[in-house]
Amino acid sequence: MRIADLLPSRAPKNSAYVDWKLRVTRMKKLLENARVFLGALEDGKEKIEGEYIIDERYVFSLVEKAMERTEMMVHDACMLAPEGGGDLFRALDDYWRKARKDFLAPIPRPSGSEEAPLGSEPEVLRLKAFLEWFERGEQGTGSLFSFFKRIVDHLVCSFPQGTFPAQGVMHMGVAGALVENRFRLLDMDRAKPTGPTRLVSVTDIACRPLGLLLMGSPAGDPGAAARERPVLKWFAAMDEDHVSLFSEDPRSPALWLSATLSGHADSDFIFVLGKNGRPAVFPEGFTVETVGDSTFGWIYDVPSHKIEQSLVALGKRCFAV
Amino acid sequence: METKKNLRIMVIDDENIVGNRLKPALARSGDMVEAFVDPREALKRFQEDPFDIVVTDIRMDEMDGIEVLEEVQKISEKTKVIIITGYATVEVAREALSKGAFDFIAKPFKPNDLRVIIERAAKQLQ
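Now for a look at the structure at hand. (Residues numbered from 1 in each chain as written. Chains lettered and ligands numbered in written order. Predicted model: local features only at pLDDT ≥ 70, side-chain atom pairs only at ≥ 80, totals over all residues. Heavy atoms only, no water.)

## Quick look at the side chain of Arg184 of chain A
As for its position among the elements, Arg184 of chain A is in strand β2 (residues 180–187). Those residues in contact with Arg184 of chain A that lie beyond four places of it in its chain are Phe164, Pro165, Ala166, Val169, Met170, His171, Trp234, Phe235, Ala236 and Glu248 of chain A. (Helix = DSSP H or I, 4+ residues; strand = E, 2+ residues; numbered from the N terminus. Contact = heavy atoms within 4.5 Å.)

## Side note on the side chain of Asp187 of chain A
Residue and element names in this part refer to chain A. Its location among the elements puts Asp187 in strand β2. From its side chain, Asp187 meets the backbone nitrogen of Asp189 in a polar contact 2.9 Å long. If we ignore the near neighbours within four places in the chain, the residues touching Asp187 are Tyr17, Met170 and Met238. (Polar contact = N/O pair within 3.5 Å; in protein donor to acceptor, adjacent residues only side chain to side chain.)

## Thoughts on unusual backbone geometry
In this structure, Pro108 of chain B follows Lys107 of chain B across a cis peptide bond, with omega equal to -5°. Of note, Pro108 of chain B is situated in the loop between β5 (103–106) and α5 (111–125). The phi dihedral of Asp301 of chain A is positive, around 55°, even though this residue is not glycine.

## Describing the interface of chain A and chain B
With 18 residues of chain A in contact, the opposing surface of chain B contributes 15 residues. Of the roughly 1,600 Å² buried where chain A meets chain B, counting both sides, 58% is carbon and sulfur surface. For the pair chain A and chain B, the interface holds two salt bridges. Across the pair Arg21 of chain B and Glu121 of chain A runs a salt bridge, and its minimum N-O distance is 3.0 Å. Summed over the shared surface of chain A and chain B, the result is five residue pairs in polar contact (both at pLDDT 80 or more). Broken down by secondary-structure element, the contributors of at least two residues to the side of chain A that touches chain B are α3 (56–80) and α5 (122–135) of chain A. (Buried area = accessible area lost by both parts, 1.4 Å probe. Salt bridge = Lys/Arg side-chain N within 4 Å of Asp/Glu carboxyl O.)

## Focus on the packing of aromatic side chains
Following the criterion strictly, the structure yields 23 aromatic pairs over all chains and no others. Measuring from ring centre to ring centre gives 5.8 Å for Tyr95 of chain A and Trp133 of chain A, while their planes differ by 40°; the resulting arrangement is tilted. Of this pair, Tyr95 of chain A sits in helix α4 (residues 85–102) while Trp133 of chain A sits in helix α5, and the two are 38 residues apart along the sequence. For Trp133 of chain A, a relative accessible area of 0% puts it in the buried group. Above the face of the Tyr52 of chain A ring, Lys47 of chain A is positioned so that its terminal group lies 4.7 Å from the ring centre. Sitting over the face of the ring of Phe51 of chain B, Arg8 of chain B holds its NZ or CZ atom 4.3 Å from the ring centroid. (Phe/Tyr/Trp six-rings, centres within 6.5 Å; stacked < 30°, edge-to-face > 60°. Buried < 20%, exposed > 50% of the residue type's maximum accessible area, 1.4 Å probe, protein only. Lys NZ or Arg CZ within 6 Å of the ring centre and 35° of its normal.)

## Remarks on the pairing of strand β4 (residues 231–238) of chain A
Residue and element names in this part refer to chain A. Of all eight residues in β4, six are buried; the element is thus mostly enclosed. Here β4 runs beside strand β5 (residues 242–247); their pairing, made up of five bridges, is antiparallel. Looking at β5, one finds that Ala236 is bridged to Leu245. Taking the residues between adjacent antiparallel strands as the criterion, β4 and β5 are bridged by three residues. (Pairing = 2+ DSSP bridges.)

## A look at the nonpolar core
Ranked by internal contacts, the top residues of the largest apolar core, which has 84 residues, are Phe130 and Phe148 of chain A. Residues within four places of Phe148 of chain A in sequence aside, it is in contact with Ala34, Phe37, Leu38, Met73, Phe296 and Trp298 of chain A. (Core = buried A, V, L, I, M, F, W, Y, C linked by side-chain atoms within 4.5 Å.)

## Observations concerning the sheet that holds β5 of chain B
All names here are of chain B. Pairing is parallel in the open sheet, where five strands are placed in the order β2-β1-β3-β4-β5. Edge strands, defined here as strands with exactly one partner in the open sheet, are β2 (32–36) and β5. Pairwise comparison of adjacent strand axes, ignoring direction, gives a mean angle of 20° for this sheet. Bridging between strand β1 (residues 8–12) and β2 involves five bridges; their strand directions are parallel. If you follow Ile12 over to β2, its bridge partner there is Phe36. (Axes fitted to C-alpha atoms, helices over the stretch in contact; angles between N-to-C directions.)

## A closer look at the sheet that holds strand β8 (residues 287–291) of chain A
Residue and element names in this part refer to chain A. Judged by pairing direction, the sheet is mixed, and its nine strands sit side by side in the order β3-β1-β2-β4-β5-β6-β7-β9-β8 without closing on themselves. Of all the strands in the sheet, just β3 (198–199) and β8 have a single pairing partner and so form its edges. In the packing of helix α6 (residues 144–156) onto the sheet, the strands contacted are β6 (255–260), β7 (269–275), β8 and β9 (294–300), and the crossing angle to β9 comes to about 115°. In this fold helix α9 (residues 304–319) packs onto β2, β4, β5, β6, β7 and β9, with an angle of close to 20° to the strand it touches most, β7.

## Thoughts on the packing of α3 of chain A against α6 of chain A
For any two helices packed against each other, one specifies the crossing angle of their axes together with the interaxial distance. Residue and element names in this part refer to chain A. In the contact formed by α3 and α6, the axes pass within 9 Å of each other and the chain directions differ by 20°. Between α3 and α6, the angle falls in the class roughly parallel. As α3 runs across α6, the sense of the crossing is left-handed. In this structure, α3 uses Ala66, Met67, Thr70, Met73, Val74, Ala77, Cys78 and Leu80 to contact α6, whose residues at the interface are Leu144, Phe147, Phe148, Ile151, His154 and Leu155. Here the contact of α3 with α6 is built from residues that sort into twelve nonpolar, two polar and no charged. (Parallel < 35°, antiparallel > 145°, perpendicular 65-115°, else oblique. Left-handed = near helix turned anticlockwise from the far one by under 90°. Nonpolar A, V, L, I, M, F, W, Y, C, P; charged D, E, K, R; others polar.)

## Notes on the packing of helix α1 (residues 16–27) of chain B against α5 of chain B
Residues and elements named next belong to chain B. One can describe the packing of α1 onto α5 by two numbers: an axis separation of 10 Å at closest approach and a directional angle of 55°. Here α1 lies oblique to α5, going by the angle between them. As α1 runs across α5, the sense of the crossing is right-handed. Here Leu22, Ala25 and Leu26 of α1 come into contact with α5, specifically with Pro111, Leu114, Arg115 and Ile118. For the contact of α1 with α5, the residue count by class is six nonpolar, no polar and one charged.

This is how it looks when you write it as structure tokens:
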């Protein structure tokens, strides 16, 4: 028998609770970086189309911003799903090499006093080349955006399989038209579990985005109705301005929805990732992409009321079926 | 009927793209625009015939925009100097404004954004 076997378990009580708080925090961080990454592409395009006066510092800072955020997303994705992470990091190295060689190298200047035609200045050409690589790649090289999709696909591997915390969470039932929704709710604002599991209603939860998601569904008694209708299980980690929602039932296709609604356009954001055809339809205004058998979509940089409307529409698709 | 007096505008930036884009954009409204990549050449020209407005980059290899501001003020007190900064830091703006710059604008910007500042400066010249 080893000495270590005699020591009390060092795992904290309610480790699933703590693990999930850490996991959700890391996923939020990844999405914040995704938002900046996507914003870099939009900003570059706006500068080209709007005929802005740019300098090489702007071009370099944009390239660096996109690459650094890509690196952070890879790091977080690999912490969430370590298996296969080595491949992601190796690919990241390739993308950095390309960025440094082609987009962060000094921009050559025309010799003499010749002036480049408008729209063909060296800084503009460099920016256009970077944006082209970002979106479409080059012959033999995948685009930076396709690498982003690969990171998202890797995230799907981190989708939980029955590991949600059982202790210290709140339970809530919400009736949809055809299904019964059962929620386990984790309050991210609390350092430790709230105590024995307790039943709450929609009016008890202090989470704006979750409240809007549930707006289309009447709160119901999770008792008798469940015997007649299918039950969809959900896990939601929430605070006042944010919800990370996961479909829990392994029999249903996976769905992850992350929404921040703080009232600040700079940070408000909805990201939805679903497998096997979920969600079938995204609300208006979402950018939607597919990777493998997953579909993901996002919306950001819009007024708060648009985020609110989108949450209500998504809720109807997810809960009121 | 009051006719608008055409301005004489000098643009100084060691990156060609700035002068290339600003010159035609600002000249559209009838103003006379000269662009320079070398601040010392620009100041020689300014000495010969002072301009109404000077738009200068803050960070240039040969001479920075604060020095340009100071030299312009020695030659012509009434000229309005607008600073172009690549980094919209409070410190840079504060220093330029404390030394008498009229305003500053951060890259990237649209020519029309600068035009708005120039029009405000022009009102003070009248």
